[in-house]
Amino acid sequence: NELYRAQIHLYKHVYNFVSSMALKSVMELGIADVIDNHGKPMTLNELATSLKLHPSKVNILHRFLRLLTYNGFFVKTTVNAKEGGEGEIAYSLTPPSKLLVSGKSTCLAPIVKGALHPSSLDMWSASKQWFNEDKEQTLFESATGESFWDFLNKQSDTLSMFQDAMASDSRMFELALQENKHVFEGLESLVDVGGGTGGVTKLINKAFPHLKCTVFDQPQVVGNLTGTENLNFVGGDMFKSIPPADAVLLKWVLHDWNDEQSLKILKNSKEAISGKGKDGKVIIIDISIDETSDDRELTGLQLDYDLVMLTMFLGKEREKKEWEKLIYDAGFSSYKIRTISGFKSIIEVFP
Ligand SMILES: OCc1ccc2c(c1)OC[C@]1(O)c3cc4c(cc3O[C@H]21)OCO4
């Protein structure tokens, strides 16, 4: 009956937060590390013992693992099956939960921790007031009275939590970089605008040791960071000016900003690459929403990010035609866009 099917769809979306929170709990308990260290499927009791859980928590752990197994984060196998006996259920990691194993370049636990921090969740209790107020501000500002950037910069632990999150996502870029080396070939200098602690720049510098790389971010972000021979940190304001280079890299930056602010950043980027008469370029790495895609999980993630950017930064995720308009409005003459592994695209923009 379609009425009950509608009710199931409605309630499923109401309780989507439960699987996010279960994932957060598993990340906090370090279950991926425990199973990875064990080296083979782990029974519930082995897991509970290793996690030093109180006996009353063993069944709770079982229920969490059941939901997360259903959602593709674990697989169940049977171990210790005696002759004709049942054996025991044991849990193994899957590719998504392997991304929570610490100490690897593919560890995304920091972004799970950051994105599910109360600062990203509590603000939603102010959504009604946000919609009804006549002020243009983020949901975060409506709820807390300060911008998310000010909140992050206020305490070192929140800033480092955010930077660890960005760095963890950047380490995933290594694969995409190998598949897109041609984008960086022939460059003598590159400035990574909004580069934070230099996660991506270090990867590029490793792949292209002769490329002079500059990490450009706010003074309080890069102030006390020291570079190496071909990688230096420069503090400044990308809305004022960007240090000159053959290429400007904007990875996961423009989606934080509305069209007016993004135009300003792109115009300053155009200034920065137009020195020395070289035909420089701007390299944008960001989400480009493909509404025609039939990959519902990919498009769903991209639309989730659009609301995260809207509510926290008054930013947005852009479709291809929106990128095109922004690029041409900023005075560039052409661009090349291609999806890179995962949910982002790489857009080369030429003056
Ligand atoms: O373009 C920048 C950019 C890129 C990704 C993310 C940003 C901003 O903020 C929202 C977000 O969901 C988030 C919020 C966080 C966090 C990490 C984190 O990852 C997500 O650590 C503390 O709070």
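Heads up: the structure comes first, above all this text.
Since the model is a prediction, treat every value here as computed from it, not as a measurement.

Digging into the pairing of strand β7 (residues 247-251)
So, step 1. Buried residues dominate β7, accounting for five of its five residues.
So, step 2. Bridge analysis of strand β4 (residues 189-193) against β7 gives three bridges, and the strand direction is parallel. If you follow D192 over to β7, its bridge partner there is L249.
So, step 3. Of the pairings in the sheet, the one linking β7 to strand β8 (residues 281-286) comprises five bridges and is parallel in character. Its bridge partner lying in β8, V248 is registered against V282.

What to know about the pattern of salt bridges
So, step 1. Following the criterion strictly, the structure yields 14 salt bridges and no others.
So, step 2. Residue E146 pairs with K154 through a salt bridge whose shortest N-O separation is 2.9 Å.
So, step 3. In this structure E146 comes out as buried when scored by relative accessible area, which is 18%.
So, step 4. Assessed through its relative accessible area of 54%, K154 is described here as exposed.
So, step 5. Through salt bridges with shared partners, a single ionic network connects D259, K316, R318 and E322.

Observations regarding the sheet that holds β8
So, step 1. Spatially, β6-β5-β4-β7-β8-β12-β11 is the arrangement adopted by the seven strands of the open sheet, whose pairing is mixed. Two strands lie at the open edges of the sheet, namely β6 (231-235) and β11 (334-339), each paired on one side alone. Strand-to-strand, the axes of this sheet are offset by a mean angle of 20°, without reference to chain direction.
So, step 2. Across the sheet, helix α18 (residues 320-329) touches β8, β11 and β12 (345-350), and the angle it forms with β11 is around 150°.

Regarding the environment of A22
So, step 1. Examined against the element boundaries, A22 turns out to sit in helix α2 (residues 16-29).
So, step 2. By relative accessible area, which is 4% here, A22 ends up buried.

Comments concerning the site of the ligand
So, step 1. Close to the ligand lie 16 residues; G114, W252, H255, D256 and F313 are nearest.
So, step 2. Between the ligand and G114 there is a distance of 3.3 Å, counted from an oxygen atom to a backbone nitrogen or oxygen.
So, step 3. One of the side-chain N or O atoms of H255 is found 2.4 Å from an oxygen atom in the ligand.
So, step 4. If the ligand stood free it would expose 470 Å²; the protein chains cover 97% of that surface.
So, step 5. Listing elements by their share of the shell around the ligand, those giving two or more residues are α7 (109-115), α12 (156-171) and α17 (296-313).
So, step 6. When its residues are assigned to classes, the shell around the ligand shows twelve nonpolar, three polar and one charged.

Definitions and limits used
- Residues numbered from 1 in each chain as written.
- Predicted model: local features only at pLDDT ≥ 70, side-chain atom pairs only at ≥ 80, totals over all residues.
- Heavy atoms only, no water.
- Buried < 20%, exposed > 50% of the residue type's maximum accessible area, 1.4 Å probe, protein only.
- Helix = DSSP H or I, 4+ residues; strand = E, 2+ residues; numbered from the N terminus.
- Pairing = 2+ DSSP bridges.
- Salt bridge = Lys/Arg side-chain N within 4 Å of Asp/Glu carboxyl O.
- Axes fitted to C-alpha atoms, helices over the stretch in contact; angles between N-to-C directions.
- Contact = heavy atoms within 4.5 Å.
- Near = heavy atom within 4 Å.
- Polar contact = N/O pair within 3.5 Å; in protein donor to acceptor, adjacent residues only side chain to side chain.
- Areas by Shrake-Rupley, 256 points an atom, 1.4 Å probe, with all protein chains shown as cover.
- Nonpolar A, V, L, I, M, F, W, Y, C, P; charged D, E, K, R; others polar.

Worth remembering: the numbers are spatial, not functional.
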